[in-house]
Every structure is written in C-alpha cells, then in structure tokens.
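# Chain and residue survey
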Amino acid sequence: MKPPKFDYYAPTDIDGALALIAEHGEDARFLAGGQSLVPMMNFRIAAPAALIDLNRIPALRGIRVDDAGSLHIGAMTRTRQLETDPEIAAANPLLHAAAAHIAHVQIRNRGTLGGSLAHADPAAELPGIALVCDAEILLHGPNGKRTVASDSFFDGVFSTAIADDEMITEIIFPPWPNQRRWGFQEISRRDGDFAMIGIAACFDIGGDGLIAGARLAAIGAGDTPLRLTSGEAVLTGQAPGQALFTDAAFAAIDDLRPGNDIHASAAYRREVGGVLVERVLTEAWGRAL
Amino acid sequence: MTGLHRIELTVNGNPQDCEIEARMTLADCLREKLNMTGTHLGCEHGVCGAGTVLVDGVAGRSCLMFAVQAVDAEITTIEGLARDGKLSALQQAFHDNFALQCGFCTPGFLTTAEAFLAENPVPTRAEVQRAISGNICRCTGYVSIVDAILDAAERLRAESTP
Amino acid sequence: MTGTAHKYIGKSVKRLEDERLLTGTGAYVDDLKLPGMAVMAILRSPHAHARIRGIDLSAARALPGVIDAFSAADIGPELPLIPIRLAPFEGFERFLQPPIAVGKVRYVGEPVAVVIASDRYVAEDALELIDIDLDPISAVTGIEQAVAGDVLIHEDAGENMGSRYTVGRGDAEAAFADAAYTRRERFVTNRHSAAPMETRGLIAEFDAGIPLLRLHGATKVTYFNRRHLAVAFDLPEAAVELIETDVGGGFGVRGELYPEDYLVPIASRRTGRPVKWIEDRRENLMATNHSRDIVCDLEIAATADGGILAMRATVQGDMGAYIRTNGGVVASRAAQFLPGPYRVPSFSCDVQFLITNKTPVGTLRGPGRFEANFCRERMLDLMADDLGIDPAELRLRNLLEPAELPYRIGELVPGDVNATFDPGDYPSALRRVLAEIGYDDWKDRQGDIIDGRAVGLGIACFIESSAAGPPETARITAAPDGGIEIRTGASSVGQGTETGLAQIGAEYLGIDIDRIGVLHGSSTLLASGGGTFHSRNTVMAGNAVRLAAEALRDRCVELASLRWNTEADELSYRDGAVHRPDEAAAEPLTLAELATFARSRGGKETLSADAAFENEGKLSYSYGAHAALVAVDVATGVVEVKRYVLAEEIGRALNPALVIGQAIGGMMQGLGGTLLDHMVYDEDGQLLTGSFADYLLPTSANLPDITAIALEEFPSEFNPMGFKGAGEGGIVAVAAAIGNAVALALKPHSIVINELPLTPDRLRALLRAVGA
C-alpha cells in the first residue's frame, strides 16, 4: 500500500499555495493534516500528480476572538487544539466538546479543521458542528477572498463549494452567548470510529422561558451534514420539556436522508437519529452553565 | 520539486541524511533508509497505531506523513526511548507487567504512552484506556498495557519526587 | 535431583524475549535486508469468479526498476498444489489450490501475477501497468447457493460440496421420538479472521546451483512445510531451510502453506536474487485464511425437567474457494464440540463443507469451538427459558460429573475413535465463575433497566482439547563458558515460548535461568520437529525440554564418572553440577567444566542431549466457564460488556502471568468476534471489509473489567509436569457468554439472538421487528 508518485511543494505563504494550485489544476491536491488524504493515497484511491503541503504556512494557523466575539480559527489548526485549548472551550464549548470525539489522539494531533471541512466526509464531526453553529468558511482564490456560509458549503459526498483554484484559510464561528444550551452525541461502532449517526444541537432560552435560535444538525445521515429544520421548527418559541423534545425528534427524522452501508442500515440511522435528537436536547437543557 | 529529495532528519537527537522520493512515508524512510526498523507497519492507513512516532514530542502516525514533511521536526522512535542503555520507566514497566507478547504493536504503545504521560502524569485508569484506544493489540487484551502505563506513571512520580 | 533453589515452574518469570522487543531491536521478517534483495508484489484478482482470457505483463516488465514479472503461463504447466495437513476428508482433493491462478480466478485476492522490483513502491507502480482480461462469472457467495450447485466453482468436481459425513453416538432418532421437550434453531457464526498486527511476509533465497532454498519468515509447522516445499521444488529436504524470525502473532492463520510460500521462492529462482514479499493489510484481509463461517441447524431433546437426551445438528462450513492446509478442521470441530462438557447420551451430526467464491478458510484460535459453544450455549438458554429453569441450574444438571470421567466421547470426527475427556470437575469450574461474578445478585434482575440500559448476565461452559499432533523435539547443549542453549522444534508466535522453555530447562538442570538461550522454529536447528498449533507448546515442547534436560543430566553423570574414575551410580546431579558422595574429595563438576572435559576428549564431544516427547495421541482437555455482564442501550442497540469472568482448568501453570495473558488476550479477541469482526461480502463476492476502517478490531475502549482464573486442580495425567494447553480457553466461550447475556438483557422483548456479530444495527432490526 505505497502511494503513487507525486511532485511535492511546500509553499510558505497563501499566495504561493494559490499559485501552485493554479498551475497544476485538478491534478494537484492540498496536503493539510494528511489523516484522510494519505490513507487514500496509500490505497491508490487518490493519485494527485502534485501535493501542495500547507503545513509551512504560518498565516493558516492561529486562533483569535474578535471584538464582536466571533471565533476565527486558522484552517491549519489541529483538531487536538480544538479539544484542548481553553480559549476555544470558552468561545465555543460545542466545538470544543465535539472535537474530542474525532478518531484518536494521534489523528487529532495532525488533522486540521480546514482539512476536515474540505474533505467533507458525511459522517465527520466538524462539518456537522460548522453547520449547526452557522460557521462561515473564508476562501482565498486568485480573484481574492470570499466567505461561504456553512449551509451552502457542503454540496455532496466529499464535495464542497471550494472552486478548483481556491483554498480555505479561516473558519469563523459566530459569537456564542454564554447561556446557550448545547449538546452532541454520536453512535459509532467503536470509540473514535466514524459516526453511524450523530446529532448536534444548540438553542437559547429567552427571558420568556421560550426556545429561540434552535439549531439541529445530523452527521452520517445523508450525503452532507444536514440541518434538521423540521425539528427546529417544533422547538422554536416553545418552552423546553421532554414532550417537546420527543415531538421535535419525531419531526426531525423527516429531514434525515440516510443511506445503507455495512455498519448500519438507513432504517437504523433514521430511527436512532430520532433517539439522539431527543437525548441531545435533554442533555442540552440539563447542562449546568 | 520533482524526483529525489535530499533531506536531513533529526531522529532520536541525531541528524540523519537520506535521499528519497517525496512519496516515501516517514515510516518507510525510517525503516528502509535509516535502518531503524523498530517502527512497524501494521496497516499503512492510520488505524492500527503500530507506526506511531513522536514528532516534536507529539504522537502521530508515521505511515500518514511523508518523510519530506519531517525535516524540521525532532522525531522520536522506540529506538530513542532508552537512555544510556537503560530502559525507560515505561519500557521497564511494560516488562514487569507482561505488557507485550509478540511485541509488534509495542513500539506504537510506547511512543503513545510516552507522550501521554508527559502531558498527563497522574492519569486515571479510564484516562489511560482512552489514551491508548487508537492503538490495536491482538495478543494482550490491553489490561497489562494499562497496568504498565499506570505503573510507569507512579515510578516517574517517585523518581521526580526529591 | 534438583535442590531447593532454581524453582521456576509455576512462577511468573519475566520474559526473555522482552529486551529486544522493547527497544525496537527485534527481527521480524520485514526487518531483514539481504544483499541484492529485490521486492515482490502480487496482482490479485479483482473478481470473485472469472475466466482469465489474457494477462499482458509487457508494460509492467518495461517499467524502470522492475526486474521480472510472471503469471501461470510463465511458470507452468506443472504447478504444485498446496497440500492438506489436517482433516483431509474425502473429496477435498478436488479443491486444492495452485500457487497462482490457472485459467480461472475463484476469489477476490487470488494471486494472478507477480512483479519483482527494486522496492515495493516500484513494484506497486508495475502492478498498475498489468493488463488482465477477465470474463466474470456469476459468484457463489452463500451456502444455499453453493449447495444448489447451479454455478460450479471447480467444474471438474461436479459440485460445490467439498466433503460430507455424518458422525454421532447413541441413538438420536429414538431419543427425539420419545422426548418430552424438543427445540430447533438455526445459528449463524460470522466469517472473521485473526488479523495479527504483523501481516505475513517471506524472504526467499533460492540458489539452484548449490542447491539451496532458504525461506525466512516461516513459523508454526516449519518441518512439515519444509517437507512439502522440498517436493514442490524437487529438492532434497536438506537443501530447504525454513528460518523463523520474530513473529507478530499467529492465532492459527500464520505459518500454514499459502500460495506465496511457493511464489516467493519461484521469484527468487527466476531472478537469481533474494526476494522479499511483505503482505500489506489490504492483502492480509483478503488473502490470509478466514474462519468461523458456519451455519448450524441445531435441535435438542430433553426430559421435562431439562435433562438433555440428545442433540441433532447439521453443520455447514463455508470453506471459501479452495481447501488448503487446514482441511476440514473448522467445521469438523464445530460438530465435535457441539455436545461440549455435557451429558448428551445421543448425538448425530451431518457435517458439510461448501465451496464458495470467497477467501479460503483455515484455523483461527479455538477453531470450531467458538462456533459450537455459541450454538449450544444459546440453545441451553432457550431451553432454560422454555422450561422455567435457571440457566446455571440447567447447566449444573447436565454437566458431566467428575465420577463420569474419563468419558469416551465417541467418533465425532471420522477416524478419531479414542477421543476421551480426561478427569476434571466441570461443575466446580462453573460454580467458581458464578461466585466470582456474583451470579446470585444478578439472576433475578435479567432484563432490568439500570441507568437507562438493559442488563443481562450470560454464562457458558466449554471444553477444549490441546496438544495434538506429532512428537516434539529438543536439544540442550552446555557450553564451556557456562551458557546453556535449548533448541526446540516448536515455534514462537509471540506467546513467550523462549521464557517457558527456559523455565523448564533451568529447573530441571538446577541452574540460573539467565544462563539459558532458546532457539526455536527454524528447520536448521534440529532434524525434525512437530510445530506449534492447538496450544501444544507447553505440553509438547515443554516435556521435550524436560526429557532433554534429564538426558543431559545423565550424560553429565557419565562424564563425571569418567573424569573421576568412579562408578556412576555413586554420583548425583543437582544444582547444575555432578556431586560425589564425599563432598570433601572433590569440588562438584559443573556443566561448564563437564562441557570443557567433553570437548577435550578424543571424540571432541559436545555436551548435549536430544529428546523427543510423544503424546501418543492422548489429548488432555482444558475446560471451564465464562460469564459476561452486559448493558444494552435498547434504543440504539449498543452493547457494552461491563464485567467478564472466565475460569479455565489448565492442569498446571508453567508461568501464571503468561497464562493469564493468554486468557485475557483470547477473551478480547473473542469479544471482537462477537461484536465487531466480520468479513462481509456482497453478492458479487467483493470483500467489503478490506481495511481496518471497515474490518473492526477491539480496542482498549472496549475493555470490560476482566477476571481470568487459571485452575490447577486436575493436572494432566499424560505428562509428568501435568500441563494442559492454555492458549484457547479464553476465546472459545466468549460469543456464547455475551450472546446469552444480550439475549437475557433483552428478555422482555423476546427477540432471537442466533446470529453473529451482535451489532447495533442487527439488534435494532430485531427489536424494530417486534415494535420495541
């Protein structure tokens, strides 16, 4: 399981990377953490003629919270940092908690947020978290920068809105009210495996005691992470409670688009997706803040 | 850059020169070019953990990195764990707790545990179990490995206590 | 004899093997580099069943760095066939495998062409340039399909039934006719495999001129393999050397003769260079023996209060596309062990071996037993439920009692007429496990919801044979520098053979264990050897070492009597030296001194002794019980094994820590086989579980709280050290215990737990069907 030949480039800035991708076109791939791409190359499922290593571009690393409270995360930030960094834990506890579910520590040490979003595995955690948090993905291309909202970013299995000559440079998470309720649960065959189904949820409870800003997302239940808007609609403007969560789960199932694979059937994913929606909402509501 | 790359790696504190294709993984470079065969290939797709090495003290899958990527890093392999011919606390604890049978997965467990204990010197049993859940062993059933890591943690604490 | 010091047997001696393995200085076959060595890669069939229309190697051969490439056309027409070593049932001879596909491919992964290049990267580049023209044929992927025979995999055989026979004892038909209670169930055990952490690998040095064929990376049954490879390559046996390196786990699948054991030597002969082939994991999952693929239609007959009268079964083994060295072991032992350690006066079993377009099947740790225990123990729990009897009570009623042993079990494998369970106490082992897990605390809470999950405690009993096969050999040599070398014909696959044999050698020679080095496995060490399988090392190799030590002591006494010019029967050997009755007359003569003396004599003798230990086919039986406490999340189907207790009567523990290590290691492998491992094929015969992302192995995150107990109450009568094999008891009853636990946890829902693995998807499908 040795990879095929490729030409290797290690630019030190974003412009350099963009110039290389423009030159090599679709024969080239960016190398971020390598935890998804390199296995594919070792299996010879992926055979890029050129690899553009992003690990030497300082501008792609680093996190900061801006004055408005938005969390800016460099595309090459390791998922291990998402799991351990107290600044991230404070700025987005859902992202922080979900990161711990990704694979195993050795993978998280190398894998990156930008890489995970660009790879767009339908069962991966980070695309689901980006979606449920309404994160924005900042893209650089030869014609400048543009921002894509996460709900327009994922368009199919391993397929995103990134153009052939663009790259992700930063992911921006909106400000996180510190009273926000949140939860994330997934079912996988073993700890660290891809989720057969996973649910992320967050909502706010207004001064009137009613739910506002309800967001529900599923991973492993379609070609992309999915917003479960039918479930969100049931929650919005209602007082939180077990019966409401059950109703929301029931409605949310309609938004799932699961497939069959050797680990789980579509029927399993649909059914257990509903179970997880209920559990995650209960967990979120019960979370001490 | 095409064709062969002449690179210098720092492995277990020593500079090592070699000439390789870009596609040569760090694992293969260690094993084939630098004759350090202690790092093992169990799957070549990043699941089994037998090829785990430390890159600047951080555990990573050497089958998922290309050697050309490792040029500015300090690589630590199983060959670098013993100091002055003396087994490390972890190696000794593995021996004393029967934490290896065929030994093929052992390099990956040792490097993973080394990094883990550096970060978490007073772990709980559950934390150890979680920390090594990315390494597969077919022989031991893991219990003795967990025991060994906890044992090593105690020894290291005792050593560092004046 | 020996003094009071130097007692090693029964102690948890630390392992001799560890130092090199802990420091990364072990020598597994891929660690070896020989001058001029080339590297081989194999093009494997992408189709499960197809006719080969053509193979074009020209582009591959032309790639810079490629030394050679070949397919059947280049090395034919006479190709050797992989022989059957065990269980060669009638009919199998029609389904033997040549080392490379000839005319047809019959499973995904079958070797079709070989490339030899300067390194593996180039070799794989060359594989991509090979053009094979295959004409797909419909694939046979299930047992029913195989039986129907509409598509024949080996046309000349005229059927896909490899072999078939019936075995039994008593009169099952009469028993069923009169029985107050009967029940019938169909059980399916999952195809899975060993997946040792080290994949297979070989380096061949073939020098036709000398002649010499040296093969590194051999293990398990090196002397058998040598004999057959010599014939295959038309060489005298003395010209074939099988060298054992460090081995990364065997579990029954490594060391058998596979196609590559022929292809790598052929590659070396053709190129005139040493050739290395290392299996990658993708290959390993599709090309190394699979196992456990059994369908069992099982019936039980009993009295109204649960006394078993008879069992009747059909066991169908999916053998894959060819019959290889392990013959019919898997399904034949599944049948043989169905009655288990119970009083089953009548038994009848129709055993069938079906050929399908899948990877060939061989032994995997506890072959056939893992499957048999699942089927029978599940059936016992169903019976217990039907009759309103507690499952433990039911077992205690039916386990053979000590007074009934020894017990001749009957010819439950054709030709095996003498199989006899040796003395033991099966109920006592079960009681031990019940006490340890707190059965009484749980038996009335089966199916209760605790912390949101359904709890179940399942139990299972087992019996397991060990130490079959040919004699084992040993040689012990004492060197003038005080070193002692033990050579054994047995292999080490990582289980601590060096340590165990050194313990025995040290104790019987009355010396410090640090003086001992152990060489194992390679066919160059001794003239013959038996090999390592069926957990036989401790019994067979251990006793051979004992005999060699005793013979060495005798030789020492003889030499001392010459040296001192006294009668031998006045002298005694103890603590590493020969002593005179009158100690003041002379210092004892140590092994080192006697070795020096022997060397100095006219014949320049090396002080050594050879021995062989023969079991005379007397197998000893380990037995015991397992118990599993599980928590099932009913809504998601996720099963957690929280607590696991197992006890195994092993006669005598040579090294308790190593015995417990085997038990726990086996238990976790068994947990994988119950909940995770599964080789899944689609209807075209494509292996869907071709990587570790899809073929799942247990990790430390799956660990229950495990207690493993080694019982030493019934030493084996068949060897003076009392050992029984201890390598497989940990695995054989895991699916049975966990299967029963899950069924009990889900008792309120009345679903059928008859098929492995017990995945969340399967459990939810069953629960969904009953509206739960």
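Nothing here was measured: the structure is a model prediction, and the numbers come from that model. Just so you know, the residues in each chain are numbered from 1, in the order the chain's sequence is written. Numbering of ligands from 1 and lettering of chains from A proceed in the order in which they are written. Local features in this predicted model are restricted to residues whose pLDDT is 70 or higher, and side-chain atom pairs enter the listing and the counts only when it is 80 or higher, whereas totals over whole chains, interfaces and linings include all residues. Water and hydrogen atoms play no part in the side-chain values, which are based on all heavy atoms of the structure.

### With respect to the overall build of chain A
What counts as a helix is a DSSP run of H or I of at least four residues, what counts as a strand is a run of E of at least two, and both are numbered from the N terminus. The helix and strand tally for chain A stands at twelve helices and 14 strands. At 19 Å, chain A has a C-alpha radius of gyration in line with the 19 Å of a compact globule built from 289 residues. Burial classes follow relative accessibility: with a 1.4 Å probe on protein chains only, a residue under 20% of its type's maximum area counts as buried, one over 50% as exposed, and anything between as partly exposed. Evaluated residue by residue, chain A yields a buried proportion of 61% over its 289 residues. Across chain A, every contact between residues at least 6 apart in sequence was considered, and the portion connecting residues at least 24 apart equals 62%. Here the globule rule reads 2.2 Å times residues to the power 0.38, and the radius of gyration is calculated from C-alpha atoms. Should any heavy atoms of two residues lie within 4.5 Å, those residues are considered in contact.

### Some details on the interface of chain A and chain B
Contacts between the two partners involve 32 residues from chain A, matched on the other side by 34 residues from chain B. Buried area adds together the accessible area that both of two parts lose upon being put together, with accessible area traced by a 1.4 Å probe. Here chain A packs against chain B, burying approximately 2,600 Å² in sum over the two surfaces, 50% of which is carbon and sulfur. The salt bridge involving Asp28(B) is made with Lys2(A); its shortest N-O contact spans 2.9 Å. Whenever two N or O atoms come within 3.5 Å, that pair is a polar contact, provided that in protein one can donate a hydrogen and the other can accept it, and provided that, for residues adjacent in sequence, both atoms are side-chain atoms. Inspection of the region where chain A meets chain B yields 17 residue pairs in polar contact (both at pLDDT 80 or more). Think of a salt bridge as a Lys or Arg side-chain nitrogen and an Asp or Glu carboxyl oxygen that are within 4 Å of each other.

### Some thoughts on the pairing of strand 27 (residues 620-633) of chain C
All names here are of chain C. Along strand 27, 14 of the 14 residues are buried, which leaves the element largely enclosed by surrounding structure. In strand 27, alternate side chains face the same way, and those of Ser620, Ser622, Gly624, His626, Ala628, Val630 and Val632 on one face and Tyr621, Tyr623, Ala625, Ala627, Leu629, Ala631 and Asp633 on the other are all buried. Pairing analysis gives 13 bridges linking strand 19 (residues 453-466) to strand 27, with the strands arranged antiparallel. Within strand 27, the residue paired with Gly456 across the bridge is Val630. Note that strand 27 and strand 28 (residues 638-649) share eleven bridges and pair antiparallel. By the bridge assignment for strand 28, Ala625 is matched with Ala647. Connecting the antiparallel pair strand 27 and strand 28 is a turn made up of four residues, with Gly637 showing a positive phi of about 75°. Two strands qualify as a pair provided DSSP detects at least 2 bridges between them.

### Thoughts on empty space enclosed by the protein
Residue and element names in this part refer to chain C. Lining residues are defined by having an atom within 4 Å of a point belonging to a cavity or pocket. Those points lie on a 1 Å grid over the protein atoms alone, cavities being sets where a 1.4 Å probe fits but cannot get out and pockets being open sets with protein on both sides within 12 Å along at least five of seven lines. Grid points are joined across faces, edges and corners, and a volume is the space filled by probe spheres set on the points. Under the definition given, this model contains nine cavities of 30 Å³ or more. In this structure, the largest cavity occupies an estimated 160 Å³ of space. Forming the boundary of the largest cavity are 21 residues, of which Gly201, Leu202, Gly217, Arg254 and Gly255 lie nearest the centre. In this structure, the second largest cavity occupies an estimated 80 Å³ of space.

### Focus: the sheet that holds strand 25 (residues 589-590) of chain C
Residue and element names in this part refer to chain C. One open sheet accounts for three strands, arranged 23-24-25; its pairing is antiparallel. With one partner strand each, in any of the chains shown, strand 23 (572-574) and strand 25 form the two edges of the open sheet. Relative to strand 24 (residues 577-579), strand 23 is paired through three bridges, and the arrangement is antiparallel. Directly across from Ser572, in strand 24, lies its bridge partner His579.

### What to know about the nonpolar core
For the purposes of this section, nonpolar cores are sets of buried Ala, Val, Leu, Ile, Met, Phe, Trp, Tyr and Cys residues that join through side-chain atoms within 4.5 Å. Core analysis: the largest hydrophobic core is formed by 185 residues, its most contacted members being Phe94(B), Ile149(B), Leu338(C), Ile738(C) and Val742(C). At nine residues, the largest contribution of residues to this core is made by helix 20 (residues 734-745) of chain C. Not counting chain neighbours up to four residues away, the residues in contact with Phe94(B) comprise Ala99(B), Leu100(B), Thr106(B), Phe109(B), Leu110(B), Ile145(B), Ala148(B), Ile149(B) and Leu22(C). Listed in part, the 50 residues of the second largest apolar core include Ala506(C), Leu509(C), Ala541(C) and Ala609(C).

### Some remarks on the packing of helix 3 (residues 106-119) of chain B against helix 5 (residues 143-160) of chain B
All names here are of chain B. One can describe the packing of helix 3 onto helix 5 by two numbers: an axis separation of 11 Å at closest approach and a directional angle of 40°. Viewed along their axes, helix 3 and helix 5 adopt a mutual orientation that is oblique. Regarding helix 3 and helix 5, the two cross each other, and that crossing is right-handed. Note on element contacts: helix 5 touches helix 3 through Ile145, Ile149, Ala152, Ala153 and Leu156, opposite Phe109, Ala113, Phe116 and Leu117. Charged residues are taken to be Asp, Glu, Lys and Arg, nonpolar residues to be Ala, Val, Leu, Ile, Met, Phe, Trp, Tyr, Cys and Pro, and polar residues to be all remaining types, Gly included. When the residues that make up the contact of helix 3 with helix 5 are grouped by side-chain class, the tally is nine nonpolar, no polar and no charged. Comment: axis = line fitted to C-alpha atoms, over the contacting stretch for helices; angle = value between 0 and 180 degrees taken between N-to-C directions. For classification, angles of less than 35 degrees are called roughly parallel, those exceeding 145 degrees roughly antiparallel, those between 65 and 115 degrees roughly perpendicular, and all remaining angles oblique. It is the rotation of the near helix from the far one that decides the hand of a crossing: anticlockwise by less than a right angle makes it left-handed, clockwise makes it right-handed.

### Some details on the packing of aromatic side chains
To pair, rings of Phe, Tyr and Trp, with the six-membered ring standing in for Trp, must have centres within 6.5 Å; the planes then decide the type, stacked if under 30 degrees apart, edge-to-face if over 60, and tilted in the middle. The final tally for this structure, using the stated rule, is 19 aromatic pairs over all chains. Pairing Phe6(A) with Phe66(B) gives two aromatic rings, centres 4.9 Å apart and planes at 65°, and the pair type is edge-to-face. Of the two residues, Phe6(A) sits in the segment before strand 1 (7-9) while Phe66(B) sits in the loop between strand 4 (58-61) and strand 5 (74-76), which places them in two different chains. There is no split in this pair, since Phe6(A) and Phe66(B) are both buried. Connected via pairs of aromatic rings, a cluster forms that spans Tyr407(C), Phe421(C), Tyr426(C), Tyr621(C) and Tyr623(C). Here, over-ring charges are defined by two tests on the NZ atom of lysine or the CZ atom of arginine: distance to the ring centre within 6 Å, and angle to the ring normal within 35 degrees. The residue whose ring lies beneath Arg180(A) is Trp176(A), and the NZ or CZ to ring-centre distance is 5.0 Å. Its guanidinium or amino end placed over the ring of Phe176(C), Arg312(C) lies 4.0 Å from that ring's centre, counting from NZ or CZ.

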